[in-house]
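Now for the letters of each chain:
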Amino acid sequence: MNDYTFIQQQDPELYATLVGEEERERTGVELIPSENYVSKAVREAAGSVFTNKYSEGYPGKRYYGGQEFTDAMERITIDRACQLFKAKYANVQPLGGAAANVAMYFALMEPGDTVLGMDLSHGGHLTHGHPTTEINKVFNFVRYKMKDVATGEIDYDELRTVALEHKPKIILAGFSAYSRELDYEKMKAIADEVGAYTVADVAHITGLIAAGVLKNPFDYGFDVMTMTTHKSLRGPRGGMIVVRESEELAKRINKAVFPGMQGGPHMHIVAAKGVAFKEALDPSFRTYAEQIVKNAKAMEAVFKEHDIRLLAGGTDNHLLLADVYGSLGVTGQEAESVLDEIGITLNKNMIADDPRTAMDPSGIRFGTPAMTTRGMQEAEATKLAELMVTVMKDKDNAELKTKLRAEVKELCEAFPVPDSFVS
Ligand code: DSN
């Protein structure tokens, strides 16, 4: 069953952890909205000989020799990235989403300049300037929020007022715990009014944008998108920056990534990105992305039936945020733990204006990219949501948990993770 013959022989200690993780992923349902299962082809590329190579620079302009195949491979990956996101330029070297955002900030701004981004407590991300981050010492971050937590509508009037007052260099759209579409057109109009760049951090919704299921910020004139490649896009763990059309911005971004922030790019991961992008360009990927949203809607329906408060009133994308403490008296940590016990993995999460703490908040965040990769559809999404609600309502019932654990295992056996996604 395993691909780890050599590790098994030479390193039994580490091998045991790989076997454990294989088993965990095989027998449990992954509902962390930022996780997914990649194809065997992506894993082959990620474990390939490109890991041996130093390739500082960009195709045709490297600092070391021996780049015939790395150049060809990176060019293929860049071309595919541009096709997926309707971009003219792409930098496929950022090591992750945080690295991509930091490089983007330095490319577009001078220290002390201002970014207007979504408040973390309303769904934004740490790298959008949370006070605990290093980047917060370099740039000035001001924030926008939802106007109405019940609908998720962003307060665009307030966003404009803050923009006029603080004159940000960047208006940053994007989130890691928000379930509605954004009005990119309005944000772009406000950015034009104050002379700001428009950047969308689309890390969570990359796959949905690439498939055309959610709006592409570039269709509304946004300048840049930053992202990760391992979430709904179903690629290897890594980051990327794409530029709609400005060569000047693309050059500044390339300089900021290397030599500005990073050393040798991880060429095995760049190759794996290329493989994943080809999969995402296949027409079957659109069907997958549509199903992600249908499955999230099916889960939404169950939570609503049980009167469990959903932040933003529901979802337009792949994720949901539920106020389990307010609705069921179960904390986010308790919910995460009890769901873990029955083989459903998700994460506790702060909700907007949460009275509790980050380590034991009021909410849970869950989503459908990974379960949809296994071929699960609305019936399975509904069943999973019902299992979740049942166990959260009776979290100390050991007999019930044993029964539900068996049901989750059975579901997983019926929907194994496929090796390949292209026919
Ligand atoms: N850690 C990722 C997430 O789960 O949303 C983003 O940073």
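Residues numbered from 1 in each chain as written. Predicted model: local features only at pLDDT ≥ 70, side-chain atom pairs only at ≥ 80, totals over all residues. Heavy atoms only, no water.

A. Layout of the overall build of the chain. Across its full length, the chain carries 17 helices and 16 strands. Relative to the globule expectation of 22 Å for 423 residues, the C-alpha radius of gyration of the chain, 22 Å, shows essentially globular dimensions. Each of the three principal axes of the chain carries a C-alpha extent, and together these read 60 × 60 × 40 Å. Burial analysis of the chain (423 residues in total) assigns 56% to the buried set. Expressed as a percentage of contacts within the chain between residues at least 6 apart in sequence, the contacts between residues at least 24 apart total 72%. Just so you have it, the chain exposes about 17,800 Å², and 51% of that area is on carbon and sulfur atoms. If you average the places of the 47 positive and of the 61 negative side-chain charges in the chain, the two averages end up 4 Å apart. (Helix = DSSP H or I, 4+ residues; strand = E, 2+ residues; numbered from the N terminus. Rg over C-alpha atoms; globule rule 2.2 N^0.38 Å. Buried < 20%, exposed > 50% of the residue type's maximum accessible area, 1.4 Å probe, protein only. Contact = heavy atoms within 4.5 Å. Areas by Shrake-Rupley, 256 points an atom, 1.4 Å probe, with all protein chains shown as cover. Lys, Arg positive; Asp, Glu negative; His and termini not counted. Charge placed at Lys NZ, Arg CZ, Asp CG, Glu CD.)

B. Representation of the nonpolar core within the structure. Ranked by internal contacts, the top residues of the largest apolar core, which has 66 residues, are F85, I154, L159 and V242. For this core, the element with the most residues is helix 11 (residues 267–281), which contributes seven residues. Here V242 is in contact with F85, A87, Y89, A90, F218, D223, V224, M225 and M227, once residues within four sequence places are set aside. (Core = buried A, V, L, I, M, F, W, Y, C linked by side-chain atoms within 4.5 Å.)

C. Geometry of the side chain of D113. Structurally, D113 is set in the loop between helix 5 (97–108) and strand 5 (114–118). Among the polar contacts made by the side chain of D113, one reaches the side chain of K169 at a distance of 3.0 Å. Beyond its immediate stretch of four places on either side in the chain, D113 contacts F139, N140 and K169. (Polar contact = N/O pair within 3.5 Å; in protein donor to acceptor, adjacent residues only side chain to side chain.)

D. A look at unusual backbone geometry. The amide bond that connects F258 to the next residue, P259, takes the cis arrangement and shows omega of 10 degrees. Here P259 shows up in helix 10 (residues 247–261). Even without being glycine, K86 reaches a positive phi, approximately 55 degrees. For K86, the location among the structural elements is in the loop between helix 4 (68–85) and strand 4 (89–91).

E. Region of the structure containing the site of the ligand. Around the ligand, the neighbouring residues are S34, H125, S176, H204, K231 and R365. Between the ligand and H125, the relevant distance is 2.5 Å, taken from an oxygen atom to a side-chain nitrogen or oxygen of the residue. Within the contact set of the ligand, an oxygen atom lies 2.7 Å away from a side-chain nitrogen or oxygen of R365. About the coverage of the ligand: the protein hides 64% of its 230 Å² of free accessible area. Here the shell around the ligand is built from residues that sort into no nonpolar, four polar and two charged. (Near = heavy atom within 4 Å. Nonpolar A, V, L, I, M, F, W, Y, C, P; charged D, E, K, R; others polar.)

F. Structural view of the packing of aromatic side chains. The tally for this structure, following the rule as stated, stands at ten aromatic pairs. For the pair Y184 and Y220, a centre-to-centre distance of 6.2 Å together with 35 degrees between the ring planes defines the contact as tilted. With Y184 in helix 8 (residues 184–194) and Y220 in the loop between helix 9 (206–210) and strand 11 (224–228), this residue pair connects regions lying 36 residues apart in the sequence. A relative accessible area of 27% places Y220 in the partly exposed class. (Phe/Tyr/Trp six-rings, centres within 6.5 Å; stacked < 30°, edge-to-face > 60°.)

G. Quick look at the sheet that holds strand 9 (residues 170–174). Spatial ordering of the open sheet is given by 4-12-11-10-9-5-6, a layout of seven strands whose pairing is mixed. Whereas interior strands pair on both sides, the edge strands pair on one side only; in this sheet they are strand 4 and strand 6 (140–144). Averaged over all pairs of adjacent strands, the angle between their axes in this sheet comes to 20 degrees, without regard to strand direction. Here strand 10 (residues 197–201) pairs with strand 11 via three bridges, running parallel. Following the sheet pairing, V199 is matched in strand 11 by V224. (Pairing = 2+ DSSP bridges. Axes fitted to C-alpha atoms, helices over the stretch in contact; angles between N-to-C directions.)

H. Spatial organisation of the pattern of salt bridges. Scanning the entire structure with this criterion turns up 29 salt bridges. For R26, the salt bridge is made with E23, and the minimal N-O distance between the two is 2.5 Å. Highlighted residues: R26 and E23, both in helix 2 (residues 12–27), separated by three residues, approximately one helical turn. Residue class for E23 comes out partly exposed when judged on its relative accessible area of 36%. One salt bridge connects K147 with E153, and the closest N-O pair in it is separated by 4.0 Å. Residue classification places E153 among the partly exposed residues on the basis of a relative accessible area of 37%. Through salt bridges with shared partners, one network takes in D3, E22 and R43. (Salt bridge = Lys/Arg side-chain N within 4 Å of Asp/Glu carboxyl O.)

I. Seen up close, the pairing of strand 16 (residues 363–367). Along strand 16, five of the five residues are buried, which leaves the element largely enclosed by surrounding structure. Going residue by residue along strand 16, you find G363, R365 and G367 tucked away on one face and I364 and F366 tucked away on the opposite face as well. The pairing of strand 13 (residues 319–323) with strand 16 spans five bridges and is classified as antiparallel. Paired with L321 across the bridge in strand 16 is R365. With three bridges joining them, strand 15 (residues 347–349) and strand 16 adopt antiparallel strand pairing. Residue pairing across strands places K348 opposite I364, the latter belonging to strand 16.

J. Molecular detail of the environment of G235. Looking at where G235 falls in the secondary structure, it is placed in the loop between strand 11 and strand 12 (239–243). You can call G235 buried: its relative accessible area is 4%. Sequence separation between G235 and Y37 is 198 residues, and the spatial gap between their C-alpha atoms is 8.4 Å. Dropping the residues within four chain positions of it, G235 is found in contact with V38, V42, T229, H230 and A276.

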